[in-house]
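Below, each chain spelled out in residue letters.
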Amino acid sequence: PKLSEQELDRSFALPYTRLPHPRYNGKGDIPAYEMIKFSVNLHRGCFGGCSFCTISAHQGKFVSSRSERSVLDEVRAITVMPGFKGYLSDLGGPSANMYRMGGRNEALCRRCSRPSCLFPAPCRNLRNDHRPLIELYRRVDRVPGIKKSFIGIRDDLFEKDDWEYLREVIRRHVSGRLKVAPEHTEDGVLKLMRKPSFALFRTLNERFGRICREEGLNYQLIPYFISS
């Protein structure tokens, strides 16, 4: 079942050490830990329903989001951690930018048998508004000690003509490269993966380049592909 905001907040308020398991003591740097040491998880679950992914199987199809207060409390705790230099390595979740997204009418969602709310086209009942996430980014940026937070995105969450979120990401949350995961280039394979046509990535690449030129930024868009 979907966790409530209060249940998720209580889970993240437990007295975690934010340290690796003691068995790793004295064994040098742990690459996986270094990558997530100064990261913040905003939500659980995913309604993407990609056929190759298990997130919805072990976290559920419904997205559970933390409150802003819970997120900001964790960010403030990170700012006093040894070695923190002002940069959050990731401000997101298992499904990147799905914070506070879901069905407008969840009663309809509970009766729905679609494996994906995004494929073959976004559900008309889906609320995929990025404004709550943009406001949270800005509040995190105002926390004393935070210089910048970096994020990844799912490009299939954009409204057809709403690219305000992409501009916000490029201007404030990119270190020089923005990572996205079209996963494949061939539409026949993408259909089996329950992913959108590669044409969406081409559109994103064009918009990304245009925004970078308008903002005077020399940034790169880095696509991820599944192989083997």
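Presented here is a report on the structure given in the accompanying data block. (Residues numbered from 1 in each chain as written. Predicted model: local features only at pLDDT ≥ 70, side-chain atom pairs only at ≥ 80, totals over all residues. Heavy atoms only, no water.)

### Quick look at the side chain of S149
Alright, step 1. Tracing the chain through its elements places S149 in strand β8 (residues 148-149).
Alright, step 2. Overall, the relative accessible area of 0% leaves S149 in the buried class.
Alright, step 3. Not counting residues within four places of it along the chain, the set of residues in contact with S149 comprises L88, L91, D141, R172 and H173. (Helix = DSSP H or I, 4+ residues; strand = E, 2+ residues; numbered from the N terminus. Buried < 20%, exposed > 50% of the residue type's maximum accessible area, 1.4 Å probe, protein only. Contact = heavy atoms within 4.5 Å.)

### Some remarks on unusual backbone geometry
Alright, step 1. Geometrically, the link from F119 to P120 is a cis peptide bond, its omega value of 5° lying close to zero.
Alright, step 2. Positionally, P120 belongs in the loop between α5 (106-111) and β7 (126-127).
Alright, step 3. The phi angle at R18 is positive, at roughly 60°, despite the residue not being glycine.
Alright, step 4. Within the secondary structure, R18 is located in the loop between α1 (5-12) and α2 (31-36).

### Quick notes on the packing of helix α7 (residues 164-172) against helix α9 (residues 199-215)
Alright, step 1. Viewed as axis vectors pointing N to C, α7 and α9 meet at an angle of 55°, and their least axial separation amounts to 10 Å. Looking at the two axes, α7 sits oblique to α9. The handedness of the crossing between α7 and α9 is right-handed. On α9, the residues that touch L166, R167, I170 and R171 of α7 are L204, R207, F208, I211, C212, E214 and E215. (Axes fitted to C-alpha atoms, helices over the stretch in contact; angles between N-to-C directions. Parallel < 35°, antiparallel > 145°, perpendicular 65-115°, else oblique. Left-handed = near helix turned anticlockwise from the far one by under 90°.)

### Points about the packing of aromatic side chains
Alright, step 1. Inspection of every chain in the model, using the stated rule, returns 5 aromatic pairs.
Alright, step 2. One aromatic cluster in this structure is built from F198, F201 and F225.
Alright, step 3. Across the ring face of F12, the terminal group of R66 is positioned such that the distance to the ring centre comes to 3.9 Å. (Phe/Tyr/Trp six-rings, centres within 6.5 Å; stacked < 30°, edge-to-face > 60°. Lys NZ or Arg CZ within 6 Å of the ring centre and 35° of its normal.)

### Regarding the packing of helix α6 (residues 131-141) against α7
Alright, step 1. The N-to-C vectors of α6 and α7 enclose an angle of 20°; their axes lie 11 Å apart at closest approach. Between α6 and α7, the crossing angle belongs to the class labelled roughly parallel. For the crossing formed where α6 meets α7, the hand is left-handed. Two secondary-structure elements touch here, α6 through L133, I134, Y137, R138 and D141 and α7 through E164, Y165, E168 and R172.
Alright, step 2. Broken down by class, the residue content of the contact of α6 with α7 amounts to 4 nonpolar, no polar and 5 charged. (Nonpolar A, V, L, I, M, F, W, Y, C, P; charged D, E, K, R; others polar.)

### Examining the nonpolar core
Alright, step 1. Counting 39 residues, the largest nonpolar core has I153, Y165 and L166 as the members making the most contacts within it.
Alright, step 2. Ignoring any residue separated from it by four or fewer positions in sequence, one finds L166 in contact with I153, F158, L178, L204, R207, F208 and I211.
Alright, step 3. Core analysis: the next-biggest nonpolar cluster, separate from the first, contains 10 residues, F47, I55, V63 and L126 among them. (Core = buried A, V, L, I, M, F, W, Y, C linked by side-chain atoms within 4.5 Å.)

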